[in-house]
Amino acid sequence: MSDEETKSDPIIIKKYANRRLYNTGSSSYITLDHLGEMTRAGVDFKVVDAKSGEDITRSVLTQIIMEEENRGQTMLPTPFLRQLIAMYGDSMQSMVPPYLEASMAALRRNQEQFRKSMAGAFNPFETIAKQNMAMFEAAASMISGKTPAEGAPPADEASELAELKREMAELQAKLDKLGKK
């Protein structure tokens, strides 16, 4: 089977003259907000005019963007919109759609890379848990009476532990100051 054959067909959304949208996948009427949610969730759909069968997906997606922009969820700066409008009728107009698609794909890749790197490099709860475990183990060693040779961390770990204790004391002092305000 080819890739196209393994992909499921898009959900058909019928738009009626009264502006109502009917999701044939769920057999229910939906709103533009629902279509926006479906888009963000990566659901593939096609909007067709219920009477003519014409594919009107592009104009409905544009309408969703306009509603988001009117709600204050602006992502399209005015200079960009002016430049985009100026490209209509230009000899380079045919190059704009593939360029914008490639730019959005690159933005998505960069966004995903950034999210992965932030999740891997900065997980504060994991860091705190490791610090707490190190302090617990050091305290347990002291309570159990083990000599430094038996249970104390090596010198570099001991200095790291001391540094962590100092940082925690600083954080606690900051929290105390905030609590007094």
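Everything below is about the structure printed above this text.
Rules behind the numbers
- Positions within a chain are numbered from 1, following the residues in the order the chain's sequence is written.
- Where local features are concerned, this predicted model is filtered to residues with pLDDT of at least 70; where side-chain atom pairs are given and counted, the filter is 80 or more; whole-chain, interface and lining totals use all residues.
- Just so you know, side-chain values use all the structure's heavy atoms and leave hydrogens and water out.
- Helix and strand labels come from DSSP, where a helix needs a run of H or I of at least four residues and a strand needs a run of E of at least two; each type is numbered from the N terminus.
- Whether two residues are in contact is decided by their heavy atoms, any of which lying within 4.5 Å being enough.
- Surface exposure here means Shrake-Rupley accessible area, sampled with a 1.4 Å probe, where a residue is shielded only by the protein chains that are shown.
- A pocket, in this scheme, is an open set of points on a 1 Å grid over the protein atoms alone with protein on both sides within 12 Å along at least 5 of 7 lines, while a cavity is a set where a 1.4 Å probe fits but cannot get out; residues line either one if an atom lies within 4 Å of a point.
- Grid points are joined across faces, edges and corners, and a volume is the space filled by probe spheres set on the points.
- All residues other than Ala, Val, Leu, Ile, Met, Phe, Trp, Tyr, Cys, Pro, Asp, Glu, Lys and Arg, Gly among them, are scored as polar; the first ten of these are nonpolar and the last four charged.
- Between the rings of Phe, Tyr and Trp (Trp by its six-membered ring), a pair exists once the centres lie within 6.5 Å; its type follows the angle of the planes, with under 30 degrees stacked, over 60 edge-to-face, and the other angles tilted.
- Throughout this description, the term charge over a ring refers to an Arg CZ or Lys NZ atom that lies within 6 Å of the ring centre and within 35 degrees of the ring normal.
- Expected helix span is computed as 1.5 Å times (number of residues minus one).
- Residue exposure (1.4 Å probe, protein chains only): buried if accessible area is under 20% of the type maximum, exposed if over 50%, otherwise partly exposed.
- Only the contacting stretch of a helix is used when fitting its axis, a line to C-alpha atoms as for every element, and angles between N-to-C directions run 0 to 180 degrees.
- Comment on the angle field: the value is read as roughly parallel under 35 degrees, roughly antiparallel over 145, roughly perpendicular from 65 to 115, and oblique elsewhere.
- Exposure above 30% relative accessible area and the lack of any salt bridge qualify a residue for a patch; like charges then connect within 9 Å, and the nonpolar side chains Val, Leu, Ile, Met, Phe, Trp and Tyr within 5 Å.
- Salt bridges are counted wherever a side-chain nitrogen of Lys or Arg sits within 4 Å of a carboxyl oxygen of Asp or Glu.
- We define a nonpolar core as any set of buried Ala, Val, Leu, Ile, Met, Phe, Trp, Tyr and Cys residues linked to one another through side-chain atoms lying within 4.5 Å.
- Directions pointing from the helix axis toward each C-beta atom define the arc.
- Polar contacts, as used here, are pairs of N or O atoms within 3.5 Å; protein pairs need one atom able to donate a hydrogen and one able to accept it. Residues neighboring in sequence count only if both atoms are side-chain atoms.

### Concerning the overall build of the chain
1) Next: When helices and strands are counted, the chain shows eight helices and four strands.
2) Next: Taken from the N to the C terminus, the helices and strands of the chain come in the order α-β-β-β-α-β-α-α-α-α-α-α.
3) Next: Sequence-distant contacts in the chain: of pairs separated by 6 or more residues, those separated by 24 or more amount to 42%.
4) Next: In the form shown here, the chain has an accessible surface area of approximately 14800 Å², with 58% of it arising from carbon and sulfur atoms.

### Concerning empty space enclosed by the protein
1) Next: Following the criterion strictly, the structure yields one cavity of 30 Å³ or more and no others.
2) Next: Within this model, the largest cavity holds a volume of roughly 30 Å³.
3) Next: Listed by contribution, the elements that provide at least two residues to the lining of the largest cavity are helix H2 (32-40) and helix H3 (57-70).
4) Next: Tallied by class, residues from the lining of the largest cavity come to two nonpolar, one polar and four charged.

### Observations concerning the layout of surface pockets
1) Next: In this structure, the largest pocket encloses a volume near 2100 Å³.
2) Next: Lining the largest pocket we find 37 residues, and of these Leu61, Ile65, Met75, Leu76 and Met104 sit closest to its centre.
3) Next: With 11 residues, the single largest contributor to the lining of the largest pocket is helix H5 (residues 96-121).
4) Next: Here the residues of the lining of the largest pocket sort into 21 nonpolar, nine polar and seven charged.

### Comments concerning the packing of aromatic side chains
The description of two aromatic rings rests on the distance between their centres and on the angle between their planes.
1) Next: Following the criterion strictly, the structure yields one aromatic pair and no others.
2) Next: The ring centre of Tyr29 lies 3.9 Å from the NZ or CZ of Arg20, which sits over that ring.

### Details of H3
1) Next: Here H3 contains 14 residues, and its C-alpha end-to-end distance of 20 Å stays within 8% of the 20 Å for a straight helix at 1.5 Å per residue.
2) Next: When we look at burial in H3, the residues that qualify are Thr57, Val60, Ile64, Glu68 and Glu69.
3) Next: Here the buried face of H3 lies against strand E1 (11-15), H2 and strand E4 (45-49).

### A look at the packing of H2 against H3
1) Next: Interaxial distance between H2 and H3 falls to 10 Å at its minimum, and their mutual angle equals 100°. For the element pair H2 / H3, the angle class is roughly perpendicular. Between H2 and H3, the contacting residues are Leu32, Asp33, Leu35, Gly36, Thr39 and Arg40 on the first element and Val60, Leu61, Gln63, Ile64, Glu67 and Glu68 on the second.
2) Next: Among the residues forming the contact of H2 with H3, the class breakdown is five nonpolar, three polar and four charged.

### Focus: a nonpolar patch on the surface
1) Next: Together, Phe80, Leu81, Tyr99 and Leu100 make up an exposed nonpolar region whose accessible area comes to about 350 Å².
2) Next: Judged by its relative accessible area of 30%, Phe80 falls in the partly exposed class.

### What about the nonpolar core?
1) Next: Counting residues in each nonpolar core, the largest one holds 11 residues, listed as Ile13, Leu21, Ile30, Leu32, Leu35, Met38, Phe45, Val47, Ile56, Val60 and Ile64.
2) Next: Elements with a contribution of two residues or more to this core: H2, E4 and H3.
3) Next: Not counting residues up to four positions away in its chain, the partners in contact with Val60 are Lys15, Leu32, Leu35 and Val47.

### Here's the deal with H2
Along an α-helix, residues three or four positions apart point the same way, because every turn accommodates 3.6 residues.
1) Next: Buried within H2 we find Leu32, Leu35, Gly36 and Met38. Burial along H2 is one-sided: seen end-on, the buried residues are contained in an arc of 160°.
2) Next: Where H2 is buried, its residues contact E1, strand E2 (21-23), strand E3 (28-30), E4 and H3.
3) Next: Two or three places before Asp33, at the opening of H2, Thr31 has a side-chain oxygen 3.3 Å from that residue's backbone nitrogen.
4) Next: At the C-terminal side of H2, Gly42 shows a positive phi close to 85°.

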